[in-house]
Structure formats: C-alpha cells, structure tokens
Amino acid sequence: MDIILASQSPRRRELLERMGLSFTVHAADIDEHMDRKLAPGPLVEAISREKAAAAARDFDENTLIIAADTVVALEGQTLGKPQDKADAKRMLSLLSGNHHQVYTGFTVRRGEQVITRSECTQVKFRTLEPREIEAYIASGEPMDKAGAYGIQALGGLLVEGIRGDYFNVMGLPVCALGETLKEFGIRCL
C-alpha cells in the first residue's frame, strides 16, 4: 500500500521513519488559517482533515494519507508558528515559567475511510532569562514551530517537564497514530 505524508515537517518525517513506515512526502497546499472560534483540539483536527483531503485529491483511493497539525495553547490563547522574530519573542515570553498544552491533530485517510484524532500533552517551561530568549531566537530554531520552540533540540533546554506523549510535542503522537493505523490494517510492530 502506498503511504503519503501530507506534511513537509522534517520531524514528522523522522517519526514515521522511526515507526518503520515507507512513505512519500506530498505536502498539502492549504491555507492553515486558525479559526479562533475553535478550541485547540478541534482546530488541529479540522486542519489535519483539510490537509488529508487536499492530498487525497492527487492520489487514487487506495493510497493511505497521513496528515497532522500542531498548536500550543496557553490560557485561552492558541499559538501557531511565529510570523517573525518579534512574534517568537512574544510567544516565548508568554510560555516562560508557565504550564501550557501542545495539541496535535492527525488524520489518516484511505478512500472514504477517514479517522481524525487529537492528543494533548502538558508542558512546563522553566523561567527564561531575556538573554536566553534572544539567544534561542538567534539560533533560528523557533521560526517554523508551533509555540516558537522545538523540544527535540535546543528547545529542550527550556522545558522543565512534560505529562503526556513526548512525540506529540514534536508534532506527531506516535502511540495514538500507531493504534489508528491498525484500523487500516497496518501494524508497526
């Protein structure tokens, strides 16, 4: 069976490879608008469904599509990818010393069979010094990540602790995805 990852995220690509899946990357071309009326879980689920639907138009009905979207939520605010360095600084300053949630929604689709789920992981940032925020932004790492940080690299230095799926914070809840793939006849183990 052909598997398509409808994402350009190198982190999602790495996680699918770690799961032992063979796949092709075909990024979905959609407007990743953030509907502020939706709570974070339903928001990432809706965007992942849109990505999967867009990618499915380019393949036959036997192709399995995996799509995902991730946001960070803090006290009612939904944080996507920063627009620029000032936005990254704003986000990191908000997260400093606080607990927040990382939501990843994913959709697995083959023909008319579509399953969409989301996961939430609780993350606690330590209190950051202004110079640390500046240095982290200067590294360039925050610019393509929800909430302006990546836990798997330098951003791990900002995280005091997590509760939930670590891989969800990277952008793909591996355990939940593996269980969902079973419903499509794919067993990773």
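Residues numbered from 1 in each chain as written. Predicted model: local features only at pLDDT ≥ 70, side-chain atom pairs only at ≥ 80, totals over all residues. Heavy atoms only, no water.

1. Observations regarding the layout of surface pockets
By volume, the second largest pocket amounts to about 170 Å³. Lining the second largest pocket, in full, are Met19, Val174, Cys175, Gly178, Glu179, Lys182, Arg187, Cys188 and Leu189. Of the residues in the lining of the second largest pocket, the class split is five nonpolar, one polar and three charged. (1 Å grid on protein atoms, 1.4 Å probe; cavity = no way out; pocket = protein on both sides within 12 Å on 5 of 7 lines; lining within 4 Å. Points joined across faces, edges and corners; volume = space filled by probe spheres on them. Nonpolar A, V, L, I, M, F, W, Y, C, P; charged D, E, K, R; others polar.)

2. Thoughts on the packing of aromatic side chains
Applying the stated criterion across every chain, the model contains two aromatic pairs. Centroid distance Phe125 to Tyr149: 4.8 Å. Interplanar angle 70°. Geometry classified as edge-to-face. With Phe125 in strand E6 (residues 113-125) and Tyr149 in the loop between helix H4 (130-138) and strand E7 (159-163), the pair connects residues that are 24 residues apart, well separated along the chain. With a relative accessible area of 0%, Phe125 lands in the buried category. Seen in terms of ring centroids, Tyr166 and Phe167 are 5.5 Å apart; in terms of plane orientation they differ by 80°. Their pairing is edge-to-face. In this structure Tyr166 comes out as partly exposed when scored by relative accessible area, which is 32%. (Phe/Tyr/Trp six-rings, centres within 6.5 Å; stacked < 30°, edge-to-face > 60°. Helix = DSSP H or I, 4+ residues; strand = E, 2+ residues; numbered from the N terminus. Buried < 20%, exposed > 50% of the residue type's maximum accessible area, 1.4 Å probe, protein only.)

3. Considerations on the pairing of strand E3 (residues 64-74)
Within a regular strand, side chains alternate between the sheet's two faces. Counting buried positions along E3 gives eleven out of eleven residues, so the element sits mostly inside the fold. Bridge count for strand E1 (residues 3-5) against E3 is three bridges, and the pairing is parallel. Bridged to Ile3 within E3 is Leu64. The sheet contact formed by E3 and strand E5 (residues 99-110) spans ten bridges and is antiparallel. By the bridge assignment for E5, Ala73 is matched with Gln101. (Pairing = 2+ DSSP bridges.)

4. Section: the nonpolar core
When a protein is soluble and globular, its nonpolar side chains tend to lie buried together. Counting residues in each nonpolar core, the largest one holds 42 residues, and the members touching the most others are Ile66 and Tyr149. When residues of this core are assigned to their parent elements, the largest contribution, five residues, is made by E3. Ignoring any residue separated from it by four or fewer positions in sequence, one finds Tyr149 in contact with Val72, Leu92, Leu95, His100, Val102, Val123, Phe125, Tyr136, Pro142, Leu158, Val159 and Val169. (Core = buried A, V, L, I, M, F, W, Y, C linked by side-chain atoms within 4.5 Å. Contact = heavy atoms within 4.5 Å.)

5. Comments concerning the environment of Gly105
For Gly105, the position within the fold is in strand E5. Not counting residues within four places of it along the chain, the set of residues in contact with Gly105 comprises Val44, Glu45, Ser48, Ala67, Ala68, Asp69, Arg117 and Ser118.

6. Regarding the pattern of salt bridges
Tallied over the entire structure, the rule returns eleven salt bridges. Arg117 is paired through a salt bridge with Glu183; the nearest N and O atoms lie 2.9 Å apart. Pair noted here: Arg117 is in strand E6 and Glu183 is in the segment after helix H6 (174-182), with a separation of 66 residues, a long-range link. Here Glu183 falls in the partly exposed class, since its relative accessible area comes to 43%. The salt bridge involving Lys124 is made with Glu160; its shortest N-O contact spans 3.9 Å. Taken together, the residues span a long stretch of sequence, with Lys124 in strand E6 and Glu160 in strand E7 at a distance of 36 residues. For Glu160, a relative accessible area of 55% puts it in the exposed group. The network of salt bridges with common partners includes Arg11, Asp144 and Lys145. (Salt bridge = Lys/Arg side-chain N within 4 Å of Asp/Glu carboxyl O.)

So, to be careful, I would describe these as geometric facts and stop short of saying anything about function.
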